[in-house]
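The primary structure of each chain is shown beneath.
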Amino acid sequence: MLMFTLRRLSLFFFTMVLLSMLTFSLRYFFPGDMLINLSGQINANTAELKQLAIDYKIHESIFSQYWQYLTNIFHGNLGLSMASQLPISTEISTLLPATIELSIIALTIAMVMGIPLGFIAAIYHRKKIDNIILTFAIVGHSFPVFWLGLLVILIFSIQLAWFPSAGDISLLFEIPQQTGFLFIDILLSNSPYKWQAFNSALAHIFLPASVVALAPATVFIRLARTSMMEVLETSYIQAAKTKGLSFIQIIYHHAIRNALIKMIRHIGLQFANLITFVMITEVIFSWPGIGRWLIVSIGQRDYTAIQNGLLVLSIFIFVVHIFTDFIYAALNPLAREHNHGS
Amino acid sequence: MNLLDIRNLSIELKTKTGVILAIDRVSLTMKEGEVRGLVGESGSGKSILAQAIMGVLDDRWQVHADRFHWRNIDLLSLTHQQQKDIISQDVAMIFQEPMACLDPSTTVGEQLEEAVPDHQLTGFFWQKNKQRKLAVINLLHKVGIKNHTKCYRSYPHQLTEAFCQRVMIAIALAKKPLLLIADEPTAAMETTNQGQIFRLLASLNQLKNMSILLISHDLENVTHWTNNITVMYSGQFVEAGTTEQIFNTPYHPYTQALLESSPKANIELPPKSRLTTLPGSIPVLQHLPIGCRLGPRCPRAQKICVQAPKTTNYHGHQVNCHYPLKEIY
């Protein structure tokens, strides 16, 4: 397990190095003045520009520029947003938690809905239930997320008025920011209306999270269905049947775990897709997250924001990948050992 | 007393193009403490027959029988679930490729533990875990695994095939079965390991009076370990008798051909010449011949062989042929 951890960490390190090189190279592709793009100081005068050139080591070799770039990242010195003139680091620290919250909740909904449905479909293979679940999966998969978002707002927010359509909490509540994660902040706050605020936040996150979750959930249904079907065909399930175990025991003790092993890596891969859906959904539901901020920044040609927003989102996706790898290893004893020559 | 008494068991496979009769009226009896070999080429329906006895075939297969008795209980008069309950209480099965038959993500110990039936444990629920563990260790000792703690914690991929087969036998022994069905237990195993597994099975048979149905394609190897042998070909019953009868005086042309195809029977053949074999190969399920299925390949076949022969019994030596080789001995 130690070897496995070290391997994952080294993979993480080198991917981060490559990623930083990529974002570093972006500065040469953006139009306009490189210094202004980097610092975001659009109104800088000549003296300030000179100081910036020294700060960013712009006249030195490319290696010291890159080193300076890394040092800046580690010091949280990411420049100013060209649009709002606020430091990027503070913007990201307020916006990223909202996105993490939305994506994690959406992923949880997708998994809780998708995986059991897929298992049920596999167990009742070629029966009516299987067909119904599969039809749902294909229909759900074909919904474009932006259209579904608008549709959901029309029906549940405007017509039925069950859920709010925008933002992450009602404006009535004032929650002091501590961690950035709204739900944790609400629980940490000592406001007398804590639970009302919590309910409001829940009502706000329900629609966007469900919209984001639909497409991944349908993918999970199909993944879970195929992997469970494969597992049910294997000889250890046949052998377990002759042991005299009941069908439910076989499913619980042997089938579910092995089917999860088969699909857990695909869940990690789906996460990058899910982030794309989150970005679009954030725009539709005016969710104060990094995805919406990034899309707005692209519209405003806010190069400082684009550069750093991409870096932060990629790191987040990659951290989730590594995390799913650890879950995979925890479930699968075969993955924990180093497999030279096998 | 007959442990298992099956008369004219037929198994049909329902496919999109129609119903295929995979097993055609096979009879099988097992006595207590008997080791019976079930021999036939691959594709002759041995494993299907074993799975039908265990009742683990899925609903694509349909099983009929004239008689299906387990220790004088008529299983045919019971529901499928009752049949399964009775059978799984007293019959255990081990398979070929034992590593694939153990759950790869669970430790060997856990898999052994869940095989220990609840009624063997006494006392309160907090004592049961300890008893279960003790039972598992005993089982491992019984199959000749001395280092039980290491084996207990191992995952199946960390053990060798022969060790996995021992674990499978231990799992089978957990419910103290009266009959063990061993479906090619030593396929894809080295000869030394094969010998170990067979010796283990033989000792279990002698010490615990456990009957064993040994399924194999290797007639010559099986004869070392069995009292009686049943031969099958392409889903049909061919011949049954004591090992001596089958080995020394085979009445059916197919059994004779099987024996003659072994290198031992061809010891006086000149080097590099071909072994004696029947022409052709075993028919596929979709194109089964009518009557005796050996017909197209049989050296003694005649016109009447397009009708299925009736089983004749010569002092316990049953043969299913119109022209048995009785007169040549």
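About the thresholds
Each residue is numbered by its place in its chain's sequence as written, counting from 1. Here chains are named by letter from A upward and ligands by number from 1 upward, in the order in which they appear as written. Selection of residues for local features in this predicted model requires a pLDDT of at least 70, selection of side-chain atom pairs for listing and counting requires 80 or more, and totals for whole chains, interfaces and linings are taken over all residues. The side-chain numbers reported here are obtained from all heavy atoms of the structure, hydrogens and water having been left aside. Between N-to-C directions, angles cover 0 to 180 degrees, with each direction set by a line fitted to C-alpha atoms, over the stretch in contact for helices. Note on conventions: DSSP H or I runs of at least 4 residues are helices, E runs of at least 2 residues are strands, and numbering of each starts at the N terminus. Reported orientations rely on four angle classes, namely roughly parallel under 35 degrees, roughly antiparallel over 145, roughly perpendicular from 65 to 115, and oblique for the rest. Contacts: residue pairs with any heavy atoms within 4.5 Å of one another. Throughout, the ten residues Ala, Val, Leu, Ile, Met, Phe, Trp, Tyr, Cys and Pro are labelled nonpolar, Asp, Glu, Lys and Arg are labelled charged, and all others, Gly among them, are labelled polar. For every residue, the accessible area (1.4 Å probe, protein chains only) is compared with the maximum for its type, and the residue is labelled buried under 20%, exposed over 50%, or partly exposed between those bounds. A pair of strands is treated as paired once DSSP finds two or more bridges between them. Here, nonpolar core means buried Ala, Val, Leu, Ile, Met, Phe, Trp, Tyr and Cys residues that are tied together by side-chain atoms lying within 4.5 Å of each other.

Caption draft 1: Region of the structure containing the packing of helix H3 (residues 108-115) of chain B against helix H4 (residues 125-142) of chain B. Residue and element names in this part refer to chain B. Where H3 contacts H4, the axes come no closer than 9 Å and their chain directions differ by 105°. Comparing the axis directions of H3 and H4 gives the class roughly perpendicular. Where H3 abuts H4, its residues Leu-112, Glu-113 and Glu-114 lie against Arg-132, Lys-133, Val-136, Leu-139 and Leu-140. Looking at side-chain class alone, the contact of H3 with H4 contains four nonpolar, no polar and four charged residues.

Caption draft 2: The environment of A:Ala259, seen in detail. Residues and elements named next belong to chain A. Here Ala-259 is to be found in helix H11 (residues 247-284). Residue classification places Ala-259 among the buried residues on the basis of a relative accessible area of 0%. Not counting the four nearest positions on each side in its chain, Ala-259 is found in contact with Phe-119, Ser-227, Met-228 and Val-231.

Caption draft 3: Fine view of the pairing of strand E9 (residues 211-216) of chain B. Residues and elements named next belong to chain B. The buried count for E9 comes to six of six residues, which makes it a mostly enclosed element. Bridge count for strand E3 (residues 35-39) against E9 is five bridges, and the pairing is parallel. Looking across to E9, one finds that Arg-36 is bridged to Leu-213. Where strand E8 (residues 179-183) and E9 come together, five bridges link them in parallel fashion. For Leu-179, the partnering residue across the bridge sits in E9 and is Ser-211.

Caption draft 4: Representation of the nonpolar core in the model. B:Leu4, B:Leu112, B:Val167, B:Ile169, B:Leu179, B:Ile181 and B:Leu201 are the most contacted members of the largest nonpolar core, which has 94 residues in total. In terms of residue count, helix H6 (residues 161-173) of chain B provides more of this core than any other element does, nine residues in total. Once residues lying within four places of it in the same chain are set aside, the contact partners of B:Leu112 are B:Val136, B:Leu139, B:Leu140, B:Val167, B:Ala170 and B:Ile171. One finds A:Leu78, A:Ile205, A:Leu223 and A:Met279 within the second-largest nonpolar core, a separate group that totals 70 residues.

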